[in-house]
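Chain residues, written in single-letter form:
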Amino acid sequence: MSSLPSELVNEILLRLPVEPLIRFQCVSKLWHALINHTDFIQRHLELSIAVNRERTLIFKECDVDPPLNCFWARFNDEQIDRALTKIRQPLRNEKLYTQILDYCNGLVCLHDYERGIAIWNPLIRRYKKLPFEPIENPTGFTDCRSGSPDLAFGYDPVNDDYKVMRVVQFYRKIEKIEATNAFAFELKVYSLRAHSWKRVEEEWPKELSPRSSSASLNGAFHWLVGPPTPARSSETLLAFDLATEKFREYTIPVQSDDDSVLGLEVLKGCLCICVNVFVTRNDVWVMKEYGVISSWARLYTIEQGAVPWTFEYCKPLAYSKDGKKVLMEQDFAYLFWYDIEEKRGTRVRFRPMLKSFQTATCVGSLVLLDGDILIDPRQKKRNKRKRKSNPAEGLNLLVEAMEEVG
């Protein structure tokens, strides 16, 4: 390799998975500098996204005591590892439940109310814990209406930065709770690049409250929002641009009612709204062209009889390679592939069976290579046995990458 031009070495290394790249940092100072360079990390990520390299499902177990465990399973098209591998996550808390806030570019954002927030790259076992940031009550407001902040995580491509937004809604007791002066919001954004929080000067629309978890896409956070009163009507899509720090509003093609609930997700680079009509059906609407209201279209409907089990809430995770099937998470307890053309589902089974979980999808990414190392004693032993049993693995991967470059 030392006789090859540096440009060719760069192209070869770009085609390798993250695990051998971590090891190859020790080959030389030149390779270490190359692998850690921001341009290399960004190009490697872009290639991973383009070819779905090292696509991985992350499972955060929920209904266990203590709620510590995370698992992963690699999947290539419709082939998903049936045996789950236990992994260590950075916010291990024996008392409180750790929540997956969101995920993008191989990173997963975690939160619990005692240990705070962490951005985690599970494939390279690096993380960054966010500094504590106190909540500042606006003058005249004492109570937080929602009971807990709304949090969002995503990527700002304009500034090449990963950000977390915290939205805290306050209210004060006045005669007419519907009045706009009854509510106030505190908005703050954390920047991974600056490793600090700052207040957002733009005001949240006071007549609107979040009604869904956030979804991050195209350098913006998104929520389904509606009036702060209990009435389930007049819902819209609210976007917050991470670069300009301005809000935008879009109309949506459906509304919830007493028998349904809406969820906001991202599927293959498109915003989508999941309409879950209780024990009846699941509709998914997709905004095919970002920001264009007329591009909303219904992607598919899963009728209750299309799968041989009942469900209350479903959300899409990923397409199959041919785009004819969608991997679905059902009721935080099961996964199944849904065939859009055949209109039928096939359940995915794992070992061990998890009673309740959250999911995230990742690709091979070196983002957070400069983060704190998450040491897992179990993984250290597995890696040691693996290196003993297959010492030529790294060399074989290099040869394959060289053949790919030609």
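Before reading on, note that the structure itself is shown above.
Along each chain, numbering runs from 1 in the same order as the chain's sequence is written. In keeping with the model being predicted, local features are shown solely for residues with a pLDDT of at least 70 and side-chain atom pairs are shown and tallied solely at 80 or more, while totals for entire chains, interfaces and linings include all residues. Heavy atoms from the whole structure form the basis of all side-chain values; hydrogens and water molecules are not counted.

Asker: Got a minute to help me understand the overall build of the protein chain in this structure?
Answerer: In DSSP terms, a helix is any run of H or I states spanning at least four residues, a strand is any run of E spanning at least two, and both are numbered starting from the N terminus. Summing up its helical and strand segments, the protein chain has six helices and 28 strands in all. Any residue under 20% of the maximum accessible area for its type is buried, any over 50% is exposed, and the rest in between are partly exposed; the area is computed with a 1.4 Å probe on protein chains only. With 406 residues in all, the protein chain has 51% of them scored as buried. The contact criterion used throughout is that any non-hydrogen atoms of two residues lie within 4.5 Å. Put simply, of all contacts in the protein chain between residues at least 6 apart along the chain, 52% involve residues at least 24 apart.

Asker: I keep staring at the packing of aromatic side chains and nothing clicks. Help me out?
Answerer: In this description, a pair of aromatic rings is defined by centroid distance and the angle of the planes. Centre distance within 6.5 Å is the pairing criterion for rings of Phe, Tyr and Trp, where only the six-membered ring of Trp is used; planes under 30 degrees apart are then read as stacked, over 60 as edge-to-face, and the remainder as tilted. The tally for this structure, following the rule as stated, stands at 14 aromatic pairs. Aromatic pair Tyr 155 and Tyr 162: ring centres 4.7 Å apart, planes at 40 degrees, arrangement tilted. The two residues Tyr 155 and Tyr 162 agree in class, both being buried. Seen from their ring centres, Phe 240 and Phe 247 are 4.9 Å apart, and the 55 degrees between their planes marks the pair as tilted. Residues Phe 240 and Phe 247 agree in their burial class; the two are buried. Aromatic ring contacts, followed pair by pair, group Phe 185, Trp 204, Phe 221, Trp 223, Phe 240 and Phe 247 into a single cluster. Look at NZ for Lys and CZ for Arg. If either is within 6 Å of the ring centre and within 35 degrees of the ring normal, a charge sits over the ring. Positioned over the ring face of Trp 72 is Arg 74, at 5.1 Å from the centre of the ring.

Asker: For this particular structure, what's the right way to read the pairing of strand S27 (residues 357–362)?
Answerer: Side chains on a regular strand alternate between the two faces of the sheet. When you tally the buried positions in S27, you get six out of six residues, the bulk of the element. Residues Phe 357, Thr 359 and Thr 361 point to one face of S27 and Gln 358, Ala 360 and Cys 362 to the other, with burial holding for every one of them. By definition, two strands form a pair when at least two bridges between them are found by DSSP. Two strands pair when backbone bridges link them, and strand S1 (residues 56–61) and S27 are joined in this way by six bridges, in the antiparallel orientation. Each residue of the ladder has a partner; that of Lys 60, found in S27, is Gln 358.

Asker: Can you help me understand the environment of Trp 72 in this one?
Answerer: Turning to its location among the elements, Trp 72 is positioned in strand S2 (residues 70–76). Sequence separation between Trp 72 and Thr 56 is 16 residues, and the spatial gap between their C-alpha atoms is 6.7 Å. Apart from residues no more than four positions distant in its own chain, Trp 72 is found in contact with Thr 56, Leu 57, Ile 58, Ala 83, Leu 84, Thr 85, Ile 87, Pro 122, Leu 123 and Arg 125.

Asker: What should I look at first to understand the sheet that holds strand S7 (residues 116–121) in this one?
Answerer: In a beta sheet, neighbouring strands pair by backbone hydrogen bonds and run either parallel or antiparallel. Spatially, the five strands line up as an open sheet ordered S5-S6-S7-S8-S28, and their pairing is antiparallel. Bordering the open sheet on either side are strand S5 (99–104) and strand S28 (372–373), each of which pairs with just one other strand. Where S5 and strand S6 (residues 107–112) come together, five bridges link them in antiparallel fashion. When the sheet's bridge partners are listed, Tyr 103 is paired in S6 with Val 108.

Asker: How do you make sense of the nonpolar core when you look at a structure like this?
Answerer: Within soluble globular proteins, side chains that are nonpolar tend to cluster in buried spots. Put simply, buried Ala, Val, Leu, Ile, Met, Phe, Trp, Tyr and Cys residues joined by side-chain atoms within 4.5 Å make one nonpolar core. Core analysis: the largest hydrophobic core is formed by 48 residues, its most contacted members being Leu 13, Ile 119, Trp 120, Tyr 162 and Val 164. Counting 18 residues, the second largest nonpolar core, distinct from the first, contains Val 284, Val 286, Ile 302 and Trp 309.

Asker: It is not clear to me how the sheet that holds strand S23 (residues 314–319) should be interpreted in this structure. Could you clarify?
Answerer: Read across the sheet, four strands follow the order S23-S24-S25-S26 without closing on themselves; strand pairing throughout is antiparallel. Every interior strand has two partners, whereas the edge strands, S23 and strand S26 (344–348), have only one. Within this sheet the neighbouring strands show an average axis-to-axis angle of 35 degrees, counted without direction. To define axes, lines are fitted to C-alpha atoms, for helices over the stretch in contact only, and angles between the resulting N-to-C directions are given on a 0 to 180 degree scale.

Asker: Looking at this structure, I do not really get empty space enclosed by the protein. What am I missing?
Answerer: Rolled over the atoms, a probe with the dimensions of a water molecule shows which regions are left empty. Any residue with an atom within 4 Å of a point lines the site, the site being either a cavity, points on a 1 Å grid over the protein atoms alone where a 1.4 Å probe fits but cannot get out, or a pocket, an open set with protein on both sides within 12 Å along at least 5 of 7 lines. Grid points are joined across faces, edges and corners, and a volume is the space filled by probe spheres set on the points. Applying the stated criterion across every chain, the model contains two cavities of 30 Å³ or more. There is about 110 Å³ of room inside the largest cavity. Looking at the lining of the largest cavity, the elements with two or more residues in it are strand S25 (334–339) and S26. Under this grouping Gly is polar, as are all residues other than the nonpolar Ala, Val, Leu, Ile, Met, Phe, Trp, Tyr, Cys and Pro and the charged Asp, Glu, Lys and Arg. When the residues that make up the lining of the largest cavity are grouped by side-chain class, the tally is 10 nonpolar, no polar and two charged. Volume-wise, the second largest cavity comes out at about 50 Å³. Broken down by class, the residue content of the lining of the second largest cavity amounts to four nonpolar, no polar and three charged.

Asker: I'm lost on the environment of Gly 116 in this one. Help?
Answerer: Mapped onto the elements, Gly 116 comes out in strand S7. Note on Gly 116: relative accessible area 23%, which makes it partly exposed. Gly 116 sits 16 residues away from Phe 132 along the chain, and the two C-alpha atoms are 7.2 Å apart. Among residues more than four places away in sequence, those in contact with Gly 116 are Leu 91, Leu 110 and His 111.

Asker: What exactly am I supposed to notice about helix H4 (residues 38–51) here?
Answerer: Since the α-helix advances by 3.6 residues per turn, residues separated by three or four positions end up pointing in the same direction. Multiply 1.5 Å by the residue count of a helix minus one, and that product is the helix's expected span. If you check H4, its first and last C-alpha atoms are 20 Å apart, about what 14 residues at 1.5 Å a residue would give, namely 20 Å. Every buried residue of H4 is listed here: Phe 40, Ile 41, His 44, Leu 45 and Ser 48. All buried residues of H4 lie within an arc of 130 degrees about the axis, which places them on one face of the element. Across H4 from its buried face, at more than 90 degrees, point the exposed residues Thr 38, Asp 39 and Ala 50. Structurally, H4 contributes buried residues whose contacts are with helix H1 (6–14), helix H2 (18–24), helix H3 (29–36) and strand S11 (161–171). At the exit of H4 stands Asn 52, carrying a positive phi of roughly 55 degrees. This arc corresponds to the set of directions leading from the helix axis out to the C-beta atoms.

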